[in-house]
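# Fold and geometry: a report
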Amino acid sequence: MIRLPADHPLHRLARTALLVAAVAAVVCLLGLLVDGAQVVRSYLVAWLYFTGAALGSVALLMINHVTGGAWGVAIRRFLEAMMRLLPVLAVLFLPIALGLPTLYEWARPDAVHDHLLQHKQPYLNVPFFLARTLGYFAIWIVVARALTRWSDAQDTTTDPEPTERLELISRGGLLVMGLTMTFASIDWMMSLEPHWYSTIYGVVFMSGSVLTAMALAIVLAALARPGTRLPDAVTPDQFHDLGKLLLAFTMLWGYFNFSQFLIVWSGNLPEEISWYLARMQGGWRIVTIGLVLIQFVLPFVILLSRRVKRRPGALAVVAGGMLVARLVDVYWLVVPALHHGAFIVHWLDVAAFLAVGGVFVGLAIRELAGRPLVPLHDPSLPLEPEHA
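Keep in mind it's a predicted model, so treat the numbers as computed, not measured.

### Thoughts on the pattern of salt bridges
For the structure on display, the rule yields 13 salt bridges. Salt-bridge contacts for D152 lead to R371; the nearest nitrogen and oxygen are separated by 2.6 Å. Of this pair, D152 sits in helix α7 (residues 126–156) while R371 sits in the segment after α16 (347–368); the two residues are 219 residues apart in sequence, bridging distant segments of the chain. Each of R77, E80, D152, D155 and R371 takes part in one network of salt bridges that share partners.

This is the structure in structure tokens:
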């Protein structure tokens, strides 16, 4: 059975990540004395990034359970580790809940003065917003626990029932995840600018979240290979498949974002193009161009190489670069709304990212302990169960 040894470097990484998170959290607390509003804004970006990774993990797991494929064997445990952190992320939502008036215009009664905001008030109000968020997490946690339960059951028996249950849960779960992630993205991100709307915004959020989860899982899988028998079960062919999927999700993200841009820009309506104008002026223009290059053009060109996709280390480097691009993307989506289009990068952005990210990475690695790194008795497993 392939497990993560007690002395594996990933355990040291987990301890380091948690230590960095503790130090960064103290810095954020001190930042409250300097600029409390900025702490909440920076925290929102970091929390959205890692929550997206957890939700993308759930979606990827269910896609694999429905479609099958040996690629899922390579990263399933890493996706499950991130998915199992949803209760932690629900708790980490508390600072955002406390800072709603700072983040959202509609959460300030004195700001709800125009007709449009008053029309949206039955939906955009603090009690209903918090109730919806609680409902989202309740649904996601239930789905995640069901997937974990039957995945663990699959490890203990050759009976096909756990595999069939995983597929059944995933078929309905994908629909549920699509609906809840769409509404969550509207609540948490699009409502930062309540006068603007996009019917494709939820799909943009979902494609980005899946891309984040895929990239992070590839990095963790590559880091876990040295010192374990993981290379015996996860072959270059499977990493090749992961590379092709990473390329596919990159193209999907590019397609959805370009579609939104094309529709808004061709319509040329003042209430729609203002969202893009805020992200195409000043310093944001450079960020926008850079985002197209580092999250679409560059990965697209590199991932066309078969050699890169078959080498775990090289693919992990590409995935790591895409994780940076994903952070820039979330920053690009959120920050112009918080600062009314002004280009601002604050030192608290780094502190908040390290605080939330350190907790997420550290606990995700700890979730790997005690479970086999390769799911046993999976129909797509290249090895016989006793060799895994």
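### A word on the nonpolar core
Counting residues in hydrophobic clusters, the biggest one holds 118 residues, and the most contacted among them are L86, Y104, W140, W188, L246 and V334. Sorting elements by how many residues they give to this core places helix α1 (residues 9–67) first, with 21 residues. Look past the residues within four positions of V334 in its chain and what remains in contact with it is L44, V45, L48, M189 and L192.

### Brief notes about the environment of V91
Its location among the elements puts V91 in helix α3 (residues 86–91). With a relative accessible area of 59%, V91 lands in the exposed category. It is 13 Å that separates the C-alpha atoms of V91 and L44, two residues lying 47 residues apart in sequence.

Cut-off values and rules
Residues numbered from 1 in each chain as written. Predicted model: local features only at pLDDT ≥ 70, side-chain atom pairs only at ≥ 80, totals over all residues. Heavy atoms only, no water. Salt bridge = Lys/Arg side-chain N within 4 Å of Asp/Glu carboxyl O. Helix = DSSP H or I, 4+ residues; strand = E, 2+ residues; numbered from the N terminus. Core = buried A, V, L, I, M, F, W, Y, C linked by side-chain atoms within 4.5 Å. Buried < 20%, exposed > 50% of the residue type's maximum accessible area, 1.4 Å probe, protein only. Contact = heavy atoms within 4.5 Å.

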